[in-house]
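Spelled out, the chains give:
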Amino acid sequence: MEMFTNEAIDINALPKYEEIALKKPHQDYWKIICLNLAICFLFLGLIAGLLVFFVAKITPYSTLIFSSYLALLIIFFFLFWASFKKRGYAIRAKDVIYKDGIIAETTTIVPLNRIQHIELNEGFFSRIFKLGSLQIFTAGGVSGHLKIMGIPIEEAKNIRDLILNKLDTIDTTDTENVI
Amino acid sequence: MNSDFSKPQRQSASGIIVIAAHSVFKILKATIIPIMFAFFKSTGSKFYLLIGILALIIIAIIISYLWYRRFTFFLDKEKQEFIVNKGILNRDQVIIQLDKIQQVNINQNLLQKLIGVYGLKIDTAGASGEEVNIYAIDENAAYNLKDHLLNRAMVDSNRTSSNDASLVQTAEKPVLKVSAFTLLKVGLTSNYGQSLTLMFVFFLYTIQEARHIMDLFELDQDVVKSSVLGLATLFSLAIIVIVLLFTLLAINLVRTFYKYFDLQISKHTHSLLLSSGLIAKKNTLINPDKVQVTKYSQNYFQKKLNLLNMSLKQAQFGQNKTGEELQGNTLEIVGCNAAERDELLKMILQHVPVKGKSFIPNWRFLNLPTFFKLILPVVIFLIVAINIAEVRAYIGLALVYLILGFLMILISFRRHRIAVNQDFIIKTSGIWDVTTEIIQPNKIQAITASQYPWHKSVDVGHLSLHTAAGQIRFKYGNYSEIKQLVNYWLYQVECGNKNWM
């Protein structure tokens, strides 16, 4: 390949991010998504039900409201299921890869030496299922942030420590270079 | 004033006047309407009102004095930090690491010019509110401090070279000097959009204020309205349009001259000094290594005149990116020619970027804009036109719109490309203003590649490079090539030990 002539490396020999086997979020995370959705729709249903029962003007449209409610429920579950299936992450020696998307498939890669800080979050339901989500922040603004959800908490802590250790070594080598 | 700033020191004593004027101005700006109201409407003696205003001013002066007394700054050489103490009732301390400083602004507004002091502002890459604003400092101290702030790291690392050289530093011959004639050309050919919004905002403001004033003087709104309308019919629409166009150009010119009059760029030991301004002189010092994205743009007229507008974008953190903040971190350099642009690029990027292998988008790039910007509006227009007789006469316009619109989309498709070589990524885009954005691979923070399922079989996908100064996108490219590029850039970022700041 004659793409980058003045560089002695073979571009095809470089490690390929697209061929890395990605880890899926834990199956229990799907349960959390379902729980969250169920709670949302319960509220929505409650409001809709109350309206239908107590506001006389709306009562004739109850079938319409009910069918659109059902359609929304199915669409949302389907979309979340599709997005859940698409998610995947991998930690390489020098970067973090995260894939997600509902329709489009988006892969974001953050090199470890560009990470500013990391956050490990545990929600209420996540704690019950012993899961956590990792947030990785770069200087690239909101669009350059990664949020990996549904990682088993032990693994998440390991990843966090691993990345923090790597950050430390990068920092020390940097300062050594300067001195 | 000691010259190495190692001990805490205050601003120039005359700073009190500047700070006081600043706060009085702020108070007046906020209360001008009620004061006017009270002045014209109140039946009581105006004496008490004057006393009240006077009291306000005195309080402002006292607060300013206290503020001045409490505001000290110094350089901590051991820790490489610049420390500011401030606050009247509560004590605040701002600590800035010297290597985090992005730019130092030395400004002078009219009042500061009269008193003979300068204002100094330090911008860091940190979140908002972490900047330091010194209102009054004399010229020598300002430039001394600037040298200390920007060159400290460098001076330390090569102590062998005499430190004095950087202190007595005489400005070199300017690299770029924009003449008044060039500014005239710039004013006539660029920033129409900005001036238009400015005009619109001004228009709205005038209407709002006019209402206040009418209320105040109990003018009859209907009389005013009818006389304005009479004026409008007096002139035909065409004349009004021409007048508006001329006002737009005039505003553009005034703005350009006010902001960029006597624009000069000179190179100092480790920084670039940009200075400009008609009444309020603005000096900005930046570290070329900290520029994240270098951008220049040119439209058809400007191409004929050999004129370019450049902008240097610096890192922008902060969670809520308001337009104002973004502006502050972008430095605009207007009216340079191709040779001067290359000279500037050399200073910022070490050498003039050469375009490497060029990547072009797939024709599918045309689909979405054609549908949403052409077909959909035209269909809606046609439906309206068929149903409403008055609109039917204008049905021919739809065709004109279609042709013009498609041409524009086609142009944007032809211009949208990305060129890559070992050291640079160069993206061009635009329809009327052709923009070129240049980044170095080590400024990349994260990379995103994405693809729609229906593009899988035709191997088309999108790319987005996240930098600390915004994203660079390349749409509808060959996905295999994009993946290859991503791998290549990752290799460069991860194996190179070049820092991004």
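Residues numbered from 1 in each chain as written. Chains lettered and ligands numbered in written order. Predicted model: local features only at pLDDT ≥ 70, side-chain atom pairs only at ≥ 80, totals over all residues.

### Things to note about the overall build of chain A
The secondary structure content of chain A amounts to four helices and six strands. Helices and strands appear in chain A in the N-to-C order α-α-β-β-β-β-α-β-β-α. Burial status across chain A gives 22% buried among its 179 residues. (Helix = DSSP H or I, 4+ residues; strand = E, 2+ residues; numbered from the N terminus. Buried ≥ 20, exposed ≤ 12 C-beta atoms within 10 Å, placed from the backbone.)

### So, the overall build of chain B
Each helix and strand in chain B was counted, giving 16 helices and 20 strands. In chain B, which comprises 501 residues, the proportion classed as buried is 29%.

### A word on the confidence of the model for chain B
Low pLDDT marks stretches whose predicted atomic positions should not be read closely. Residue and element names in this part refer to chain B. The predicted model of chain B averages 81 in pLDDT, with 86% of residues at 70 or higher. Segment residues 153-171 is flagged for pLDDT under 50; beyond a separation of four residues in sequence, or across chains, it makes 15 contacts in the model. Contacts of residues 318-327 to residues separated by more than four positions or lying in other chains number eight contacts, the stretch itself having pLDDT below 50. Quick note on the complex model: pTM equals 0.79, ipTM equals 0.85. (pLDDT = per-residue confidence, 0-100. Contact = placed C-beta atoms within 7 Å.)

### Quick look at the domain arrangement of chain A
Residue and element names in this part refer to chain A. Along its sequence, chain A is carved into domain 1 (27-83) and domain 2 (88-171). On the side of domain 2, nine residues touch domain 1, which itself brings eight residues to the contact. Elements represented by at least two residues in the side of domain 1 that touches domain 2 include exactly α1 (27-54) and α2 (62-86). The biggest single contributor to the side of domain 1 that touches domain 2 is α1, with five residues. (Domains from an automatic or database assignment.)

### With respect to the sheet that holds strand β14 (residues 357-359) of chain B
Sheet strands line up and pair through hydrogen bonds in the backbone, either parallel or antiparallel. All names here are of chain B. The antiparallel open sheet is built from seven strands, whose spatial order is β13-β12-β11-β17-β16-β15-β14. Of all the strands in the sheet, the pair left with one neighbour each is β13 (330-336) and β14. Ignoring which end each strand starts from, the neighbouring axes of this sheet average 20° apart. Two strands pair when backbone bridges link them, and strand β15 (residues 417-420) and strand β16 (residues 425-429) are joined in this way by four bridges, in the antiparallel orientation. Bridge pairing links Ile-418 to Lys-427 in β16. (Pairing = 2+ DSSP bridges. Axes fitted to C-alpha atoms, helices over the stretch in contact; angles between N-to-C directions.)

### A few points about the confidence of the model for chain A
All names here are of chain A. Looking at chain A, pLDDT values average 85 and 90% of them are 70 or higher. Confidence, read as mean pLDDT per element, is least for helix α4 (residues 153-178) in chain A (74) and greatest for strand β3 (residues 105-111) (93). The low-confidence segment residues 1-5, where pLDDT is below 50, has seven contacts with residues more than four positions distant or belonging to other chains.

### Some details on the interface of chain B and chain A
Counting residues at the interface gives 28 residues for chain B, matched by 31 residues for chain A. Elements with a contribution of two residues or more to the side of chain B that touches chain A: β18 (444-451), β19 (460-467) and α16 (479-495) of chain B. When residues in the side of chain B that touches chain A are grouped by element, the largest group, nine residues, is from α16 of chain B. Here the side of chain B that touches chain A is composed, by residue class, of 13 nonpolar, 12 polar and three charged. Relative to β18 of chain B, β3 of chain A runs antiparallel, the two sharing five bridges. (Nonpolar A, V, L, I, M, F, W, Y, C, P; charged D, E, K, R; others polar.)

### Side note on unusual backbone geometry
All names here are of chain B. Even without being a glycine, Asn-306 presents a positive backbone phi close to 55°. For Asn-306, the position within the fold is in the loop between α10 (300-304) and β12 (308-314). The residue Tyr-476 is not glycine, and still its phi comes out positive at about 55°. Looking at the element boundaries, Tyr-476 is found in strand β20 (residues 470-478).

### Some remarks on the sheet that holds strand β2 (residues 81-86) of chain B
Residues and elements named next belong to chain B. Taken in spatial order, the three strands make up an open sheet running β1-β2-β3, and their pairing is antiparallel. The sheet terminates laterally at β1 (72-76) and β3 (92-97), the two strands that pair on one side only. Ignoring which end each strand starts from, the neighbouring axes of this sheet average 15° apart. Pairing analysis gives five bridges linking β1 to β2, with the strands arranged antiparallel. Each bridged residue has a counterpart across the sheet, and for Phe-74 the counterpart in β2 is Ile-83.

### Digging into the packing of helix α13 (residues 367-387) of chain B against helix α15 (residues 396-415) of chain B
Residues and elements named next belong to chain B. Interhelical geometry of α13 versus α15 gives an angle of 175° and a closest axis separation of 10 Å. When the axis of α13 is compared with that of α15, the two are roughly antiparallel. Each of Pro-369, Thr-370, Lys-373, Leu-374, Val-378, Phe-381 and Leu-382 in α13 lies in contact with α15, whose residues at this interface are Ala-398, Tyr-401, Leu-402, Gly-405, Phe-406 and Ile-409. Tallied by class, residues from the contact of α13 with α15 come to 10 nonpolar, two polar and one charged. (Parallel < 35°, antiparallel > 145°, perpendicular 65-115°, else oblique.)

### Structural notes on the pairing of β20 of chain B
Here seven bridges tie β19 of chain B to β20 of chain B, and the two strands are oriented antiparallel to one another. Residue pairing across strands places Leu-463 of chain B opposite Phe-474 of chain B, the latter belonging to β20 of chain B.

### Digging into α13 of chain B
Residue and element names in this part refer to chain B. A rise of 1.5 Å per residue sets the reference length of α13, with its 21 residues, at 30 Å; its end C-alpha atoms lie 29 Å apart and thus fit the reference within 8%. Its maximal kink placed at Ile-375, α13 deviates by approximately 30°, while the proline Pro-377 follows within four residues. The buried count for α13 comes to one of 21 residues, which makes it a mostly uncovered element. (Expected span 1.5 Å × (residues − 1). Bend = angle between axes of the 7 residues up to and from the residue.)

### As for the packing of α1 of chain A against α2 of chain A
Residues and elements named next belong to chain A. Interaxial distance between α1 and α2 falls to 11 Å at its minimum, and their mutual angle equals 165°. Judged by the inter-axis angle, α1 sits roughly antiparallel to α2. Pair α1 / α2 crosses with right-handed handedness. Facing Trp-30, Ile-33, Leu-37, Phe-41, Gly-45, Ala-48 and Val-52 of α1, the residues of α2 in contact are Ser-62, Ile-65, Tyr-69, Leu-73, Phe-76, Phe-77, Phe-80 and Phe-84. (Left-handed = near helix turned anticlockwise from the far one by under 90°.)

### Topic: the pairing of β19 of chain B
Residues and elements named next belong to chain B. Of all eight residues in β19, seven are buried; the element is thus mostly enclosed. In this sheet, β19 lies alongside β18 in antiparallel orientation, the contact comprising six bridges. When the bridges of β19 are listed, Ser-450 appears paired with His-462. Between the end of β19 and the start of β20, which pair antiparallel, lie two residues.

### Overview of the nonpolar core
Val-96 and Ile-109 of chain A together with Ile-447 and Val-486 of chain B are the most contacted members of the largest nonpolar core, which has 54 residues in total. Broken down by element, the residue count for this core peaks at seven residues, all from α16 of chain B. Not counting chain neighbours up to four residues away, the residues in contact with Val-96 of chain A comprise Ile-91, Val-110, Leu-112, Ile-136 and Leu-146 of chain A. By size, the runner-up hydrophobic cluster in this structure holds 50 residues, among which are Leu-176, Val-186, Ile-265 and Ile-333 of chain B. (Core = buried A, V, L, I, M, F, W, Y, C linked by C-beta atoms within 7 Å.)

### Regarding the environment of Ala-469 of chain B
For Ala-469 of chain B, the location among the structural elements is in the loop between β19 and β20. Ignoring sequence-local partners within four residues, the contact set of Ala-469 of chain B consists of Gln-292, Val-293, Lys-313, Gln-314, Ala-315 and Gln-316 of chain B.

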